[in-house]
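Observations on the three-dimensional arrangement
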Amino acid sequence: MDDTSNPYSFSTWCRETLVEFTQLNAEKQVFGGFLIAVLLTACVQLIEFTGGLPSVFEHLIYFPLIFAGLLLGPRIGALGGFVTGLMLTPLFFPTELIDQESTLIDWPVRLLMLTLLPLITGLISRSVQQLHHLESKAKKTFQGTALPNHEALLDQINEWSKQNSAPTDALMDIINLRLSNIDKLRNQVGQQKADRIVAELAKQLKEALGQSAEVGQTATNELVGLHANTEHSREELQEKLQQILSQPIVIDGSEFRLDTTAGVLRVKRENAKDKANMVIHDAQQHSYKAAENNQTFSFLDHDNDLVEDHDEPLSKQLLSAIDSENIKLYYQPRLNTNSGYFSVIEAIVRWKDNQRGYLSPEDFKPLIEEASLAKQFTGWMIKTAFNDVTEWMRNDFIVRLSLHITLNDILEPAILNAVAKSLNKTKFPPSSLSLEVSERSLVRISEQSKIYLKKLRSMGVTIIADQFGEGQLTLQSIFVLPVDAIKLSENLVLKATSNSDKKRTLISMIKMARSRGLKTIATGVDNRAKLLLLKHIGCDELQGSILSKPTAKDDIPWARIR
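Here is a short report on the structure shown in this document. (Residues numbered from 1 in each chain as written. Predicted model: local features only at pLDDT ≥ 70, side-chain atom pairs only at ≥ 80, totals over all residues. Heavy atoms only, no water.)

1. Overview of the pairing of strand β8 (residues 327–336)
It is a general feature of regular strands that their side chains alternate between the two faces of the sheet. Taking burial as the measure, the ten residues of β8 include nine buried ones, the bulk of the element. Two elements, β8 and strand β9 (residues 342–353), share nine bridges in a ladder whose sense is antiparallel. Residue Lys 328 lies in a different strand from β9, and its bridge partner there is Arg 350. Adjacent in sequence and paired antiparallel, β8 and β9 are bridged by five residues, among which Gly 340 carries a positive phi angle near 80°. Pairing between β8 and strand β16 (residues 541–542): two bridges, direction antiparallel. (Buried < 20%, exposed > 50% of the residue type's maximum accessible area, 1.4 Å probe, protein only. Helix = DSSP H or I, 4+ residues; strand = E, 2+ residues; numbered from the N terminus. Pairing = 2+ DSSP bridges.)

2. With respect to the packing of aromatic side chains
If you walk through the whole model with that rule in mind, you get five aromatic pairs. A ring pair is formed by Tyr 331 and Trp 392, whose centres lie 4.9 Å apart and whose planes are at 75°; its orientation type is edge-to-face. A residue pair is termed long-range when its members are at least 10 positions apart, and Tyr 331 in strand β8 and Trp 392 in helix α12 (residues 371–394) qualify at 61 residues. The exposure class of Trp 392 is buried, given its relative accessible area of 3%. An aromatic cluster is defined as three or more aromatic residues linked by ring pairs; in this entry it consists of Tyr 331, Trp 392, Phe 397 and Trp 558. (Phe/Tyr/Trp six-rings, centres within 6.5 Å; stacked < 30°, edge-to-face > 60°.)

3. Regarding unusual backbone geometry
Of note in the backbone geometry, Lys 427 takes a positive phi value of approximately 60° without being a glycine. What makes Lys 427 exposed here is its relative accessible area of 60%. The backbone of Gln 467 sits at a positive phi, close to 55°, despite the residue not being glycine. Positionally, Gln 467 belongs in strand β13 (residues 462–468).

4. A look at the pattern of salt bridges
If you walk through the whole model with that rule in mind, you get 17 salt bridges. A salt bridge links Asp 388 to Lys 553; the shortest N-O distance between them is 3.2 Å. Here Asp 388 is found in helix α12, whereas its partner Lys 553 is found in the segment after β16, with 165 residues between them in sequence. Among the residues examined, Asp 388 registers a relative accessible area of 7% and is labelled buried. Taking relative accessible area as the criterion, Lys 553 reaches 30% and is therefore assigned partly exposed. (Salt bridge = Lys/Arg side-chain N within 4 Å of Asp/Glu carboxyl O.)

5. Digging into the side chain of Thr 260
By the secondary structure assignment, Thr 260 is in strand β6 (residues 260–268). There is a polar contact of 3.3 Å between the side chain of Thr 260 and the backbone oxygen of Leu 258. Thr 260 has contacts with Leu 177, Arg 178, Leu 179, Leu 245 and Thr 296, leaving out every residue within four places of it along the chain. (Polar contact = N/O pair within 3.5 Å; in protein donor to acceptor, adjacent residues only side chain to side chain. Contact = heavy atoms within 4.5 Å.)

6. Section: the packing of helix α13 (residues 413–426) against helix α15 (residues 447–459)
Axis separation between α13 and α15 bottoms out at 9 Å; the angle between their running directions is 20°. It follows that α13 is roughly parallel to α15 by the angle criterion. The hand of the α13/α15 crossing is left-handed. For the pair α13 and α15, contact is made by Pro 413, Leu 416, Asn 417, Val 419, Ala 420 and Leu 423 and by Gln 448, Ser 449, Tyr 452, Leu 453, Leu 456 and Met 459, respectively. Looking at the contact of α13 with α15 residue by residue, the class counts come to nine nonpolar, three polar and no charged. (Axes fitted to C-alpha atoms, helices over the stretch in contact; angles between N-to-C directions. Parallel < 35°, antiparallel > 145°, perpendicular 65-115°, else oblique. Left-handed = near helix turned anticlockwise from the far one by under 90°. Nonpolar A, V, L, I, M, F, W, Y, C, P; charged D, E, K, R; others polar.)

7. Details of the packing of helix α7 (residues 182–189) against helix α8 (residues 191–209)
A pair of packed helices is characterised by two quantities: the angle between their axes and the separation of those axes. Running from N to C, α7 and α8 cross one another at 135°; their axes reach a closest spacing of 7 Å. Taken together, the axes of α7 and α8 lie oblique to each other. Remark: the crossing between α7 and α8 carries right-handed chirality. On α8, the residues touching Ile 182, Leu 185, Arg 186 and Val 189 of α7 are Gln 191, Lys 193, Ala 194, Ile 197 and Val 198. Its residues assigned to classes, the contact of α7 with α8 comprises six nonpolar, one polar and two charged.

Written out as structure tokens, the structure reads:
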């Protein structure tokens, strides 16, 4: 048997020849089919004329014609069969070989069979192919609007990012449109007309972006546009989108308006390779954030890896403050109520302003609202903290570090990846590291981020839900997330010291968390009343100014840390 992996084998030659033949246009295929039919007929004529084979072998001619119908379609198969049948009529045989009586009866039947068999098999093959195409299309379209769905958009991004013909610096825009009032419209005009409204908006967006664009639907209230090789500036794209979104959608003579938020993520096509799901998710998160901030348009240049020193710098104001050491990391110890010693130190960013004194991240948060800046700033914080940890480890200090990594309430997979790399690089024990993630970031955690959290947790890293008690999450919802501890919000603790109902709520919350194996941490402990209350109700760790203020790395009270 021939080896199909051998480029010189007969089977390989047949396969490649067949593939090349099926890629020809219709005219060349018909001409090729005609020549094949003539050749087959000539062989049969030769067999008939010489009497070299029994007549039963004549029927083998049906098999190549059936395969012609299956592979080349009903028209070419039927044409080949018809030509073959004609050439096997009495007109093409020598008179002495013809049995007039049997030939006049047999040849019309043979002609009919030779024509119908490839025609029928070709029609069956085409029907199967069409059904397969419809099934594949249904899997890649959103029900109702028939727009490309999430899976189809992922395939499109992967296809574009792998094209070798595109320049290495080619850019791609992922445009996420959130349709905030589509549910209301659906209740007013019905499902079918609402789908037509969404489909019409997608059509207008695709026409505006051009031929190299694709627009799909990933949820009932969400459209995603992909624009390959974009050359629009931010301002041009914003103007184009706002022009489309400000116009009403006309369906059956009636005008409908969609309340839409546009979030645009711009990424290098080569950087989207094998990361399609991540870039669509990041565009989605960017759009959510724009909606929360009541923005109709938000634009972000983005890279899915942690921004290193050679990437775009932080804002000049932040960078200048870091260089002058006005922004640096301080460390605040956390008391373990069972041992009476400090057990963990939390890295806290402080900005020393000449006029306003020390500022916390909440004070200068507007400067890092953009996701790219927040990611770079968090990356700087992680790098600095692990540099300090390396120095402490050389001096044989016992270190348990806690890092807050959601400055803008978004849990970035790239940041979690950077933490894992830092652990591996510094050989810092994962069991000595805690990561604090805000409650708001856990509410909208992506599957990718959840996977990273679970991986870090399996390594031994403690995951803390920060600012717990602000109403975003309940304990029941925390139990299904990859979380090991909850850090109670300052507001919750403050109310518990002055309100008996809030105190009972806090007590039951701590008891329930402990019953499920969750550690409880309280922050903002700045007076004796809070300290006594939290120790009395069994809070595991306490942090606040009455215990220890944030200190520089050289002033950490190592003697009190166990």
